[in-house]
Amino acid sequence: MKKSAILVLIITGFGPSVLAQDQRIEKWDFYELSLPGPTAGNPFIGVEFSAVFQNGDRRYEPEGFYDGNGVFKVRFMPDREGTWTYQTKSNREPLDGKEGQFLCTPPSAGNHGPVRVRNRYHFQYEDGTPFWPFGTTIYEWPFQSEAKQRTTVETLKHAPFNKARFLIVPPWREQYNEGPGALDCFPFEGTSKENWDFSRFNPVFFQRVERCVAQLRELGIESDLILFRPYDHDKWGFDTMDAATNERYVRYVMARFAAYRSVWWSLANENSFIQHLTDEDWDRLFQVVQAGDPYGHLRSIHNADRIYDYCKPWVTHVSLQYYMAVRFPGISPLLRDIYRKPIIHDEINYEGDITSRWGQLSGEEMVYRFWVAIVGGAYVTHGETNAGEPFGDGWISTGGTLSRESPARIAFLRKIVEQGPAQGLDPIEQYWQPNIAGQKGHYYLIYFGRDPAQEWKFLLPDDELAPGMRFQVDLIDTWNMTITPVERAFEVERMDRYRFADKSRAAVALPGKPYMALRIRRID
């Protein structure tokens with residue numbers, strides 16, 4: 001993948017000078033304008049700063065932000081080729097009325113734009129390329145040492161994941177306050193709950209998180225950024241901030257991160273554990289995100305014991321913590337019917353060996369849950385724990401390396417999904433046979449789960465089948481990662497009164513062991 005180029009324009013008192021080969025940037029890449037500005041008082045409060053970017057009838061006005069050391073910035077993601085002009089707006093004279101332009105060129109290979117919802121239940125990049133989210137969880141990797149971050153990036157280069165969930169603000173841990181893992185900066189100025197200045201952000205902290213987002217973008221991995229979280233235990237106070245601070249923080253995050261094409265917004269992790277915020281507060285914060293993100297990146301929220309109403313218009317997809325939903329076929333299709341939006345099971349418990357209930361899945365169980373969700377027309381996020389880690393719970397907390405059995409099998413499943421129908425996998429008969437997904441009349445993926453079946457009679461629950469249609473069948477061993485074509489092709493001979501395709505009782509032999517699947521593709 002071609003590395004992205006950031007065009008940085010610095011304007012001094014003597015006029016603009018471009019610190020790049022020329023004023024060109026590719027579509028959906030990253031444009032940054034830097035201006036010296038006033039630092040008297042508090043530059044984070046009271047300084048209004050934005051820029052209007054225009055190309056024909058297309059107009060954006062992203063908000064700017066203070067990045068420390070007397071520098072104000074505004075970032076922009078162009079989504080149309082051609083010449084863009086800009087003009088800054090501010091209530092401070094040094095930042096107001098600066099004009100310029102740049103040329104937006106075609107996107108390079110691997111740059112498909114931001115991810116959008118498509119076909120109601122699925123996703124695609126803005127250029128129309130399908131996106132199948134196969135995510136993982138690395139909550140605290142931005143707060144680790146540079147060496148640990150490099151290890152995480154190297155691991156992800158060879159992993160099957162194209163989306164990563166992680167926190168913008170660290171959770172409280174003793175190790176973050178003293179010892180070799182201690183943090184040397186926080187989101188706000190100060191060093192502890194006793195002296196935070198919630199009116200002043202710490203730009204160095206956010207710059208470090210941005211580097212992590214940029215590194216993942218170069219790997220083609222979406223960053224599912226979690227804005228809020230509980231887990232302070234009355235230590236830091238980041239989960240008890242007042243409404244004004246919360247909104248100012250959200251606006252600052254939007255200004256800094258929204259121009260990255262690869263970001264998604266998760267309003268919170270386990271939102272109902274932040275007990276002073278009501279659903280009405282989350283409504284308001286969602287709307288602040290909408291107002292601050294001119295590009296309309298994906299938005300959701302992760303639940304704990306109380307589920308937020310995902311039907312609300314500012315929620316683009318469901319981000320669910322509910323492991324029972326992927327233990328039984330049929331629940332994901334039901335959730336699709338309830339919410340009429342894409343379903344991502346972002347927390348299904350984790351493969352590992354820690355003492356907590358949620359971090360003890362076997363590799364077989366993790367892979368089983370992935371398959372159950374996929375044939376239910378939904379998507380899934382992986383996680384791994386390790387009791388031997390000296391800090392945190394292993395991969396899901398700090399990143400590093402992967403050591404367990406599911407990632408290779410998830411890569412195998414991802415390849416099958418990506419080779420399937422471009423429209424996505426939808427339940428075929430979600431209540432009668434919830435283990436079958438595909439596209440009617442063309443493609444079927446059948447998962448037998450834990451059942452050690454001996455055969456499967458070639459009966460497809462599909463009212464769009466017709467006599468004469470012919471299908472090729474592949475036998476898939478989801479654990480051993482093998483695909484074996486069935487030698488004969490199957491043809492629809494007649495339809496019975498239940499509208500099933502009847503192949504004169506033709507059957508596919510199965511090996512009588514769990515975790516088998518069939519892929520059935522139309523060939524006539």
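**Q** What am I meant to see in the overall build of the chain here?
**A** Along its length, the chain carries 8 helices and 34 strands. In terms of overall dimensions, the chain has a C-alpha envelope of 85 × 55 × 40 Å along the principal axes. Counting the 524 residues in the chain, one finds 57% classified as buried. Counting contacts in the chain only where the partners sit at least 6 residues apart, residues at least 24 apart contribute 70% of the total. In the structure as shown, the chain presents an accessible area of about 21,100 Å², 48% of it carried by carbon and sulfur atoms. Charge centroids of the chain, computed over 60 positive and 69 negative side chains, lie 3 Å from each other.

**Q** Please clarify how the packing of aromatic side chains should be interpreted in this entry.
**A** Each aromatic ring pair is characterised by the separation of its centres together with the angle its planes make. With the rule as written, the count across this model stands at 49 aromatic pairs. Judged by centre distance (6.4 Å) and plane angle (20°), the ring pair of Phe134 and Phe370 falls under stacked. Of this pair, Phe134 sits in strand β14 (residues 134-137) while Phe370 sits in helix α6 (residues 363-375); the two residues are 236 residues apart in sequence, bridging distant segments of the chain. Phe370 matches Phe134 in its accessibility class, with the two residues each being buried. Arranged with centres 5.9 Å apart and planes meeting at 40°, the rings of Phe188 and Phe238 form a pair that is tilted. Taken together, the residues Phe188 in strand β16 (residues 188-189) and Phe238 in the loop between β18 (222-228) and α3 (243-257) connect sequence positions 50 residues apart. In this pair, the class of Phe188 matches that of Phe238, namely buried. The aromatic ring of Trp172 is capped on one face by Lys235, whose charged end is 5.1 Å from the ring centroid. Over the face of the ring belonging to Phe490 we find Arg488, whose NZ or CZ atom lies 4.2 Å from the ring centre.

**Q** Would you mind showing me how to read the sheet that holds β14 here?
**A** Remark on secondary structure: sheet strands pair via backbone hydrogen bonds, oriented parallel or antiparallel. An order of β20-β19-β18-β15-β14-β23-β22-β21 is seen for the 8 strands of this open sheet, with the pairing classed as parallel. Strands at the two margins of the open sheet, each flanked by one partner only, are β20 (299-300) and β21 (318-321). Across the sheet, helix α5 (residues 331-339) touches β21 and β22 (343-347), and the angle it forms with β22 is around 120°. Packing against the sheet, α6 makes contact with β14, β22 and β23 (379-382), and its axis sits at approximately 160° to β23.

**Q** Can you help me understand the confidence of the model for the chain in this one?
**A** In regions of low pLDDT, the predicted coordinates are not meant to be interpreted in detail. Averaged over every residue, the pLDDT of the chain is 92; residues scoring 70 or more account for 94%. Predicted confidence for residues 10-21 stays below pLDDT 50, and this span has 17 contacts to residues more than four positions away or in other chains.

**Q** Please explain the packing of α3 against helix α4 (residues 279-292) as it appears in this structure.
**A** Packed helices, taken two at a time, are described by their axes: the angle between them and the distance between them. Two elements in contact, α3 and α4, have axes whose closest approach is 9 Å; the angle formed by their N-to-C orientations is 30°. Comparing their axes, α4 and α3 come out roughly parallel. The two elements α3 and α4 cross, and the hand of that crossing is right-handed. Facing Ala243, Asn246, Glu247, Val250, Arg251 and Met254 of α3, the residues of α4 in contact are Arg284, Leu285, Val288, Val289 and Gly292.

**Q** How should I be thinking about α6 in this particular structure?
**A** Residues lying three or four places apart along an α-helix face the same way, a consequence of the helix completing one turn every 3.6 residues. For α6, spanning 13 residues, the distance from its first C-alpha to its last is 19 Å, which sits close to the expected 18 Å at 1.5 Å a residue. Counted residue by residue, α6 has 12 buried out of 13 residues, so it is predominantly covered. Burial in α6 covers these residues: Gly363, Glu365, Met366, Val367, Tyr368, Arg369, Phe370, Trp371, Val372, Ala373, Ile374 and Val375. Just downstream of α6, Gly377 is the residue with a positive phi angle, here 80°.

**Q** Help me understand the nonpolar core, please; the structure alone is not making it clear to me.
**A** It is characteristic of soluble globular proteins that their nonpolar side chains tend to be buried jointly. Membership of the largest hydrophobic core comes to 133 residues, with the highest contact counts inside it found for Phe228, Tyr249, Trp265, Trp282 and Trp371. Considering each element in turn, this core owes the most residues, 9 residues, to α6.

**Q** Would you take a moment to explain the packing of α6 against helix α8 (residues 406-418) for this structure?
**A** Viewed as axis vectors pointing N to C, α6 and α8 meet at an angle of 20°, and their least axial separation amounts to 9 Å. With respect to α8, the element α6 is oriented roughly parallel. The way α6 lies across α8 gives a crossing that is right-handed. Here Gly363, Met366, Val367, Phe370, Trp371 and Ile374 of α6 lie close against α8, whose contacting residues are Ser406, Arg409, Ile410, Leu413, Ile416 and Val417. A per-class count over the contact of α6 with α8 returns 9 nonpolar, 2 polar and 1 charged.

**Q** How do you make sense of the pattern of salt bridges when you look at a structure like this?
**A** By the definition in use, this model includes 35 salt bridges. A salt bridge links Arg251 to Glu63; the nearest nitrogen and oxygen atoms lie 2.4 Å apart. Of this pair, Arg251 sits in helix α3 while Glu63 sits in the loop between β6 (58-60) and β7 (65-66), and the two are 188 residues apart along the sequence. Arg251 gets classed as partly exposed once you look at its relative accessible area, which sits at 45%. We note a salt bridge from Arg284 to Glu247, for which the minimum N-O separation is 2.6 Å.

**Q** Hey, could you run me through the environment of Met481 in this one?
**A** For Met481, the location among the structural elements is in the loop between β28 (470-477) and β29 (482-485). Overall, the relative accessible area of 31% leaves Met481 in the partly exposed class. Separated by 35 residues in sequence, Met481 and Met516 have C-alpha atoms that sit 9.9 Å apart. Contact partners of Met481, with chain neighbours within four places excluded, come to Ala408, Arg409 and Phe412.

**Q** Any chance you could explain the pairing of strand β12 (residues 122-125) here in plain terms?
**A** By the bridge criterion, 4 bridges tie strand β11 (residues 115-118) to β12 in an arrangement that is antiparallel. Note on β12: the bridge partner recorded for Val115 is Tyr125. A loop of 3 residues connects β11 with β12, the two strands running antiparallel in sequence, and Asn119 in this loop sits at a positive phi of about 50°. Direction of pairing for β12 relative to strand β13 (residues 130-131): antiparallel, over a ladder of 2 bridges. Bridging from a neighbouring strand, Phe123 pairs with Phe131 of β13. Following β12, the chain reverses through 4 residues before pairing antiparallel with β13; Gly128 in that reversal takes a positive phi of roughly 95°.

Basis of the calculations
Residues numbered from 1 in each chain as written. Predicted model: local features only at pLDDT ≥ 70, side-chain atom pairs only at ≥ 80, totals over all residues. Heavy atoms only, no water. Helix = DSSP H or I, 4+ residues; strand = E, 2+ residues; numbered from the N terminus. Buried < 20%, exposed > 50% of the residue type's maximum accessible area, 1.4 Å probe, protein only. Contact = heavy atoms within 4.5 Å. Areas by Shrake-Rupley, 256 points an atom, 1.4 Å probe, with all protein chains shown as cover. Lys, Arg positive; Asp, Glu negative; His and termini not counted. Charge placed at Lys NZ, Arg CZ, Asp CG, Glu CD. Phe/Tyr/Trp six-rings, centres within 6.5 Å; stacked < 30°, edge-to-face > 60°. Lys NZ or Arg CZ within 6 Å of the ring centre and 35° of its normal. Pairing = 2+ DSSP bridges. Axes fitted to C-alpha atoms, helices over the stretch in contact; angles between N-to-C directions. pLDDT = per-residue confidence, 0-100. Parallel < 35°, antiparallel > 145°, perpendicular 65-115°, else oblique. Left-handed = near helix turned anticlockwise from the far one by under 90°. Expected span 1.5 Å × (residues − 1). Core = buried A, V, L, I, M, F, W, Y, C linked by side-chain atoms within 4.5 Å. Nonpolar A, V, L, I, M, F, W, Y, C, P; charged D, E, K, R; others polar. Salt bridge = Lys/Arg side-chain N within 4 Å of Asp/Glu carboxyl O.

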